Structures are given as C-alpha cells and as structure tokens.
Amino acid sequence: MLSIHSDEHFMREALKEAQKAFEKGEIPVGAVVVSNNQIISRAYNQTELLSDVTAHAEMLAITAAANHLGGKYLSDCTLFVTLEPCVMCAGALTWSQIGNVVYAAKDIRRGYSTISGLKMHPKTRVCQGPFSEESEKLLLDFFRKLRN
C-alpha cells in the first residue's frame, strides 16, 4: 500500500471524480488508478451519459489505465474508488490482476464482498481507506435529491 498521506490524496482525487458524477446526475462514484505514485487514469460513473450499464467508474478507469500502460495487467497499480466495487467491477479488477484496491464507503447492498465466497485475484490487496463518511454523504445526498 501507499502511505496514509498519499492514500488521502488519491482518495480526494477519486472524490473529485464522484462530485463530477453527482453534478451530471450520475450515481456519484469516482475512481483513480495510480502507478508509481502518479495518477494514470481517472473516471466517474457514466451509465446515464453513455446509456451503458457497464460504464461504472472502475470499469472506465481500468480501461484508461490499461491504455495508458499499453497492456491489460495492472499488477503494479492501485485503484482508489469512493464505493466498494460491485461484482461486475470486482470481476474486471480480478482479470486486470490489479495490485491494490482501496475503497472509501462499503456497499452493503451490492458490494462484491456481500457475495459469499467472491474474491479478487489472490495477489490483490483490498482495504477500506479514508473518507468513507464523505463518500456515503455524497451518495445519500444524490439519492435524496433524486427522490425530491
């Protein structure tokens, strides 16, 4: 893992992406992929904009990172994402062999860890990182706004 300070920096960047999603009427989830302590991709949910159910922040960030690196494996990378990945995103992260996943808010309804026995690539380290409260608040604000 990176240092606590850099974890906070990179998660703040993911939160900025989530804020972009919020402002565009998308579920506010943001992600950044980091390699060698540099952001190599950033993304936010774009399922409405692209009319694509697979256009989750993680999926878009994985694709952009692979394009940046010129290969499909992200074993030396860390994904910072504001919400625990869903099963689809966890599958893509597994296939990418990403080195680390740091998420802010836990997704108790659709997060990959809620599915019994589902695990990511054996070498992938997963942990909950900073700013869970900020990420949860952004999500709650979005769904409150949607209901009004």
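For clarity, every value in this text was computed on a predicted model and none was experimentally measured.

Calculation criteria
Residues numbered from 1 in each chain as written. Predicted model: local features only at pLDDT ≥ 70, side-chain atom pairs only at ≥ 80, totals over all residues. Heavy atoms only, no water. Core = buried A, V, L, I, M, F, W, Y, C linked by side-chain atoms within 4.5 Å. Buried < 20%, exposed > 50% of the residue type's maximum accessible area, 1.4 Å probe, protein only. Helix = DSSP H or I, 4+ residues; strand = E, 2+ residues; numbered from the N terminus. Contact = heavy atoms within 4.5 Å. UniProt positions renumbered as here; feature names shortened; annotations may be inferred. Pairing = 2+ DSSP bridges. Axes fitted to C-alpha atoms, helices over the stretch in contact; angles between N-to-C directions. Salt bridge = Lys/Arg side-chain N within 4 Å of Asp/Glu carboxyl O.

1. A word on the nonpolar core
And step 1. Residues Val33, Leu79, Leu93 and Ile98 are the most contacted members of the largest nonpolar core, which totals 23 residues.
And step 2. Broken down by secondary-structure element, the contributors of at least two residues to this core are β1 (30-35), β2 (38-44), α3 (57-69), β3 (77-83), α4 (87-96) and β4 (100-105).
And step 3. Contacts of Leu93, omitting those with residues within four sequence positions, involve Ile62, Leu79, Pro85, Ile98, Val101 and Met120.
And step 4. Within the second largest apolar cluster, 10 residues are counted, among which are Phe10, Ala14, Ala104 and Phe131.

2. Points about the UniProt feature "active site" (unreviewed entry) in the protein chain
And step 1. Mapped onto this numbering, the UniProt entry annotates "active site" (unreviewed entry) at Glu58.
And step 2. With respect to the helices and strands, the residue Glu58 is situated in helix α3.
And step 3. Residues within four places of Glu58 in sequence aside, it is in contact with Val29, Ala31, Leu79, Val81, Leu83, Glu84, Pro85, Cys86 and Cys89.

3. Re the sheet that holds β1
And step 1. The strand order across the open sheet built from five strands is β2-β1-β3-β4-β5, with neighbouring strands paired in mixed fashion. Of all the strands in the sheet, the pair left with one neighbour each is β2 and β5 (125-128). In this sheet, adjacent strand axes meet at a mean angle of 15 degrees when their direction is disregarded.
And step 2. In this sheet, β5 lies alongside β4 in parallel orientation, the contact comprising four bridges. Counterpart to Asn100 in the pairing with β5 is Arg125.

4. With respect to the environment of Gly99
And step 1. Structurally, the position occupied by Gly99 is in the loop between α4 and β4.
And step 2. Taking the C-alpha atoms as reference points, Gly99 and Thr47, 52 residues apart in sequence, are found 26 Å from one another.
And step 3. When sequence neighbours within four positions are dropped, the list of residues in contact with Gly99 reads Leu74, Ser75, Cys77, Lys123, Thr124 and Arg125.

5. Considerations on the pattern of salt bridges
And step 1. Per the stated rule, a full pass over the model turns up seven salt bridges.
And step 2. Across the pair Glu13 and Arg42 runs a salt bridge, and its minimum N-O distance is 3.0 Å. Here Glu13, found in helix α1 (residues 4-23), pairs with Arg42, found in strand β2; they are 29 residues apart in sequence, far enough to count as distant.
And step 3. Taking relative accessible area as the criterion, Glu13 reaches 10% and is therefore assigned buried.
And step 4. Judged by its relative accessible area of 39%, Arg42 falls in the partly exposed class.
And step 5. Taken together, the shared-partner salt bridges connect Glu13, Lys16, Glu17, Lys20 and Arg42 into one network.

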